[in-house]
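Spelled out, the chains give:
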Amino acid sequence: MSKSNQKSKGAITLILVVIVALVVLYFGLRYRENIGNFIDRVKGVFIKTKTVVETGRPAYATAIETLKSFLDTLPKGNKEEIKKFLTEKAQEDKTWFESWSILNIDIGKVNPLDSRNVEIETTITSETKKGSPLHLDLDFELTQEEGQWKIVGKTERK
């Protein structure tokens, strides 16, 4: 083989190596971008899952159970039992201690207000003094005090 033949084969090899390197680099960068997108999606799922675990269903389930237990105590009218579910501020509202005739409780949507407070939409079917049913659409606000859910107050939904 002649030296010029070897040089041209070397040049062709070098050009092929450069082309292959550029193709690999091109697809590598595209692959890396796809990997980055995939990692971002996985991070997003992890963050959403972590949020549900930390502030989601388990905590809200406890808040809902607290509200249900509280509403169950209202018809009995035991002031000391009722007070256990209320914040000190909420205990100032004397309407909690009036007689409640609850026929049905429908717990609706739970709206987080912040990390320690939630609002729970409810529809309560009560009985009026005349015996006819009365539907109350109430939002109950609950807060966590020393690891326990307490009722802060209620507002009527319009």
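What you see is a predicted model, and the numbers here were worked out from it, not measured in a lab. (Residues numbered from 1 in each chain as written. Predicted model: local features only at pLDDT ≥ 70, side-chain atom pairs only at ≥ 80, totals over all residues. Heavy atoms only, no water.)

Here's the deal with the environment of Ile 107
When you line up the elements, Ile 107 lands in strand E1 (residues 102-114). Look past the residues within four positions of Ile 107 in its chain and what remains in contact with it is Ile 64, Leu 67, Lys 68, Ile 120, Glu 121 and Thr 122. (Helix = DSSP H or I, 4+ residues; strand = E, 2+ residues; numbered from the N terminus. Contact = heavy atoms within 4.5 Å.)

Here we look at the sheet that holds E1
Strand order in the open sheet made by the four strands is E1-E2-E3-E4, with antiparallel pairing throughout. Unpaired on one side and paired on the other, E1 and strand E4 (148-156) mark the two borders of the sheet. Strand-to-strand twist across the sheet, computed as the mean angle between neighbouring axes with direction ignored, equals 25°. Direction of pairing for strand E2 (residues 117-127) relative to strand E3 (residues 133-145): antiparallel, over a ladder of 11 bridges. (Pairing = 2+ DSSP bridges. Axes fitted to C-alpha atoms, helices over the stretch in contact; angles between N-to-C directions.)

Digging into the layout of surface pockets
Over the atoms rolls a probe the size of a water molecule, and in doing so it shows where empty space is left. Its boundaries defined by the atoms lining it, the largest pocket holds a volume of some 330 Å³. As for the largest pocket, its lining consists of Thr 95, Glu 98, Ser 99, Trp 100, Ser 101, Ser 126, Glu 127, Thr 128, Lys 129, Leu 134, Leu 136 and Lys 154. Of all the elements in the fold, those that place two or more residues in the lining of the largest pocket are E2 and E3. (1 Å grid on protein atoms, 1.4 Å probe; cavity = no way out; pocket = protein on both sides within 12 Å on 5 of 7 lines; lining within 4 Å. Points joined across faces, edges and corners; volume = space filled by probe spheres on them.)

Overview of the confidence of the model for the protein
For the protein, mean pLDDT is 78; residues scoring 70 or higher make up 75% of the total. Element-level pLDDT for the protein is lowest in helix H1 (residues 3-55), with a mean of 65, against a maximum mean of 92 in helix H3 (residues 79-84). Under a pLDDT of 50 for its full length, residues 48-56 has, in the predicted model, five contacts with residues more than four places off or in other chains. (pLDDT = per-residue confidence, 0-100.)

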